[in-house]
Amino acid sequence: MLNLLDCLFPKQCFLCNKKGSYLCLACQSSLNYQKEQFCPVCARLSLLGFTHPACLRKKGLDGLVSLFSFRSPIGKMLKSFKYHQVRELESSLVDLATLGLSGNKILKLWRRELFTFTSVPLFPARRLWRGFDQSERMLKGICLKLNLPFKENVLERRRWTREQAKLTAKKRLKNIIGAFAAVNKTSVKNQNWVIFDDVWTTGSTLKESAKVLKTSGAKQVWALTLCR
Ligand SMILES: [Zn+2]
Ligand SMILES: [Zn+2]
């Protein structure tokens, strides 16, 4: 029997329309992972995603890694996952992100320096409305597969913010300042963190998260996103 979801989003490849899965094996292997990384401060090319020495700020991000371009089919999958609640896509997205990250050289550094992974928090009301926190779920899945330390509830939203997607770059930054707090400052202190969000656009949410973590005494803070 066909269910409603299958009618709305029939299981077929986003790229070649082949039936059976959201991204068929052939297309999966032809997917281009983001080969070049960019400094989170000046947005110019950067080796492995390190923030350029001249761009480093005490309370800023130490680097940024994005796994895909938003223009790739991943962007489309992510939109369906987020806004149309196609939860079946989650495992495909997790698989692809895992594949992309496992081949990334930065992972060695993150393992060696004992980075802990956490996600940017959704406002509780929005989480209720959506029923799930897509970033947290995705990151949990990735960490499980790659055997990386994952921690939830590191940051919390302190106040309501308007949905970032609807704002201009300047307003996004204003909207997010002071919106987060560390849940437990002592557990943040002297640790290295990778904060995960699904998309990097202006980076204001991730930059603000880094600021909060570093204010609480975090050592290094990197950002990881599925797309940019
Ligand atoms: Zn395909
Ligand atoms: Zn730079």
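Report follows, based on the coordinates.

Conventions adopted
- Residues numbered from 1 in each chain as written.
- Chains lettered and ligands numbered in written order.
- Predicted model: local features only at pLDDT ≥ 70, side-chain atom pairs only at ≥ 80, totals over all residues.
- Heavy atoms only, no water.
- Buried < 20%, exposed > 50% of the residue type's maximum accessible area, 1.4 Å probe, protein only.
- Helix = DSSP H or I, 4+ residues; strand = E, 2+ residues; numbered from the N terminus.
- Pairing = 2+ DSSP bridges.
- Contact = heavy atoms within 4.5 Å.
- 1 Å grid on protein atoms, 1.4 Å probe; cavity = no way out; pocket = protein on both sides within 12 Å on 5 of 7 lines; lining within 4 Å.
- Points joined across faces, edges and corners; volume = space filled by probe spheres on them.
- Nonpolar A, V, L, I, M, F, W, Y, C, P; charged D, E, K, R; others polar.
- Axes fitted to C-alpha atoms, helices over the stretch in contact; angles between N-to-C directions.
- Parallel < 35°, antiparallel > 145°, perpendicular 65-115°, else oblique.
- Left-handed = near helix turned anticlockwise from the far one by under 90°.
- Donors = N, O, S within 2.8 Å, 3.2 Å for Na, K, Ca; no water.
- Tetrahedral: all angles 85-135°; square planar, octahedral: opposite > 155°, others 65-115°.

This brings us to the pairing of strand β4 (residues 115–119). Where burial is concerned, most of β4 is hidden: five out of the five residues are buried. Side chains Phe115, Phe117 and Ser119 project from β4 onto one buried face, and the interleaved Thr116 and Thr118 project onto a second face that is buried too. Judged from the five bridges that link them, β4 and strand β7 (residues 192–199) form a sheet pairing that is parallel. For Thr118, the partnering residue across the bridge sits in β7 and is Ile195.

A separate point is the environment of Leu93. Following the sequence through the fold, Leu93 ends up in helix α4 (residues 89–102). Given a relative accessible area of 1%, Leu93 falls into the buried group. Between the C-alpha atoms of Leu93 and Leu23, which are 70 residues apart in sequence, the distance is 9.5 Å. Among all residues touching Leu93, those that are not within four sequence positions of it are Ile74, Met77, Leu78, Phe81, Met138 and Leu226.

Approximately 260 Å³ is the volume attributed to the second largest pocket. Forming the boundary of the second largest pocket are 14 residues, of which Gln34, Lys35, Gln37, Gly103 and Asn104 lie nearest the centre. Residues belonging to the lining of the second largest pocket are distributed by class as follows: four nonpolar, seven polar and three charged.

As a general point, the strands of a sheet are linked pairwise by backbone hydrogen bonds and lie either parallel or antiparallel. Taken in spatial order, the four strands of this open sheet run β3-β8-β7-β4, and their pairing is parallel. Strands at the two margins of the open sheet, each flanked by one partner only, are β3 (63–68) and β4. Across this sheet, the average inter-strand angle for adjacent strands is 25°, counted without regard to direction. Pairing geometry for β3 and strand β8 (residues 221–227), over five bridges, is parallel.

Look at α4 against helix α7 (residues 134–146): their axes get within 9 Å of each other, and the N-to-C directions meet at 50°. In terms of orientation, α4 lies oblique with respect to α7. Seen along the crossing, α4 lies across α7 with a hand that is right-handed. Between α4 and α7, the contacting residues are Glu90, Leu93, Val94, Asp95, Ala97, Thr98, Leu101 and Ser102 on the first element and Arg137, Met138, Gly141, Ile142, Lys145 and Leu146 on the second. Class assignment for the residues of the contact of α4 with α7 results in seven nonpolar, three polar and four charged.

Attention shifts here to the environment of Lys35. One can find Lys35 in the loop between α2 (25–30) and β1 (37–38). Residue class for Lys35 comes out exposed when judged on its relative accessible area of 74%. Lys35 sits 32 residues away from Leu67 along the chain, and the two C-alpha atoms are 8.1 Å apart.

On to the coordination of the zinc ion (ligand 2). The protein atoms donating to the zinc ion (ligand 2) are Cys39 (SG), Cys42 (SG), His52 (ND1) and Cys55 (SG), with metal-donor distances spanning 2.1 to 2.3 Å. Viewed at the metal, the four donor atoms of the zinc ion (ligand 2) are separated by angles of 94 to 119°, and the geometry they form is tetrahedral. Taken in sequence order, the residues that donate to the zinc ion (ligand 2) follow the motif C-x2-C-x9-H-x2-C. Its relative accessible area of 23% is what places His52 among the partly exposed residues.

On their own, these measurements won't tell you what the molecule is for.
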